[in-house]
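Structural characterization, general
Spelled out from the first residue to the last, the chains are:
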Amino acid sequence: MTGLFEVLEPEGKDWALAEAIDPARLPAHVAIIMDGNGRWAGRRGLPRVAGHKAGIEPVRIVVETCARLGVQALTLYAFSTENWKRPRTEIDTLWRLLRIYLRRETAELMGNDIRLGAVGRLDELPSRVRQELDLAIETTAGNRGMRLNLAINYSGRTELVDAMNAIIDEARLAGTLPELRASEEMIASRLYTAGLPDPDLLIRTSGEMRVSNFLLWQIAYAELYVTETLWPDFRRTDLLHAILEYQRRDRRFGGLGHESRRYASGRVSRLFEALGTAR
Ligand code: FPP
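Residues numbered from 1 in each chain as written. Predicted model: local features only at pLDDT ≥ 70, side-chain atom pairs only at ≥ 80, totals over all residues. Heavy atoms only, no water.

A closer look at the sheet that holds strand β6 (residues 223-226)
What counts, and what does not: A pair of strands is labelled paired if DSSP reports no fewer than 2 bridges between them. Counting from the N terminus, the helices are the DSSP runs of H or I reaching at least four residues and the strands are the DSSP runs of E reaching at least two. Axis geometry follows a simple rule: fit a line to the C-alpha atoms, using only the stretch in contact for helices, then measure angles between N-to-C directions, giving values from 0 to 180 degrees. In this analysis, two residues are considered to be in contact whenever any of their non-hydrogen atoms come within 4.5 Å of each other.
Ordered by their spatial adjacency, six strands build an open sheet running β3-β4-β2-β1-β5-β6, and the pairing between neighbours is parallel. For this open sheet the edge positions go to β3 (115-119) and β6, each flanked by a neighbour on one side alone. Across the sheet, the mean angle from the axis of one strand to that of its neighbour is 20°, orientation sign disregarded. Across four bridges, the pairing between strand β1 (residues 29-33) and strand β5 (residues 201-204) is parallel. Paired with Ala 31 across the two strands is Leu 202, which belongs to β5. Sitting on the sheet, helix α7 (residues 127-139) is in contact with β3 and β4 (147-154), with an inclination near 140° to β3.

As structure tokens, then:
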């Protein structure tokens, strides 16, 4: 987390927010649904693609900030399997922006010790995008800091279908198909995110209260943070606010929270007192 203070203005607003963050309780994995690019452009009388272009700067800021904070993994929803329904020109612009990002930012990823990965059906990407992606992944493969996942041609349902098919194919090859039984571990270890911690914090910009087919399995216990801010306007301050809000949450994972545990144990002690027996 010390790395973050190196790029902050002493006594500035972000400095104060960063100081309030507890480094021992950082989310291990942050996932972001970057939404609102089209609306951002529309409100300025610009074509939708201008919103996507303006969406690059917050990507750079969020990647650098998470890496400097000490977050282990960051997953960004860049292109969903449903996004193919958009006009051809918009899709082409998204691919062009991704290639520009990869080309321009690989040096920055190296400087911040970030290892790039991608999740999604990558075989269906245009070949030039796939080549640049593979090159950036290969270049950063030796880095040991944060893992940056770009979700490209991704959907949570297709990821689960791919995981199930992998399990079936492996069992068929091993001749164990007739006795095959699924388990949570089997599925989790065949997801595109295998080996990474599940997201603790899922951020969505532009105020929409949906998960939009993103990391459906992995966000089972993620804390959701929705902000009205449109993605092109999202800055370091917004990210620090999201992390502080995450640290205020009482995570229960289906058990009892702090307050309920205190209340429950108080009631049990009083019950024992009333019965005249020690616990
Ligand atoms: C959703 O906004 C955003 C996308 C479908 C694309 C996200 C892409 C970027 C932020 C650009 C670059 C990304 C990388 C990783 C280099 P929307 O178009 O659905 O917005 P709307 O809901 O306002 O129409």
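With respect to unusual backbone geometry
Most peptide bonds are trans, and most residues other than glycine sit at a negative phi. The criterion, for reference: Remark: exposure states derive from per-residue accessible area (1.4 Å probe, protein chains only) relative to the maximum for the residue type, with buried under 20%, exposed over 50%, and partly exposed in between.
Despite not being glycine, Ser 212 has its phi angle at roughly 45°, a positive value. Residue placement: Ser 212 occurs in the loop between β5 and β6. Judged by relative accessible area, Ser 212 falls into the partly exposed class, the value being 30%. Backbone geometry at Leu 215 places phi at a positive 50°, although glycine is not the residue there. Position of Leu 215 relative to the elements: it lies in the loop between β5 and β6.

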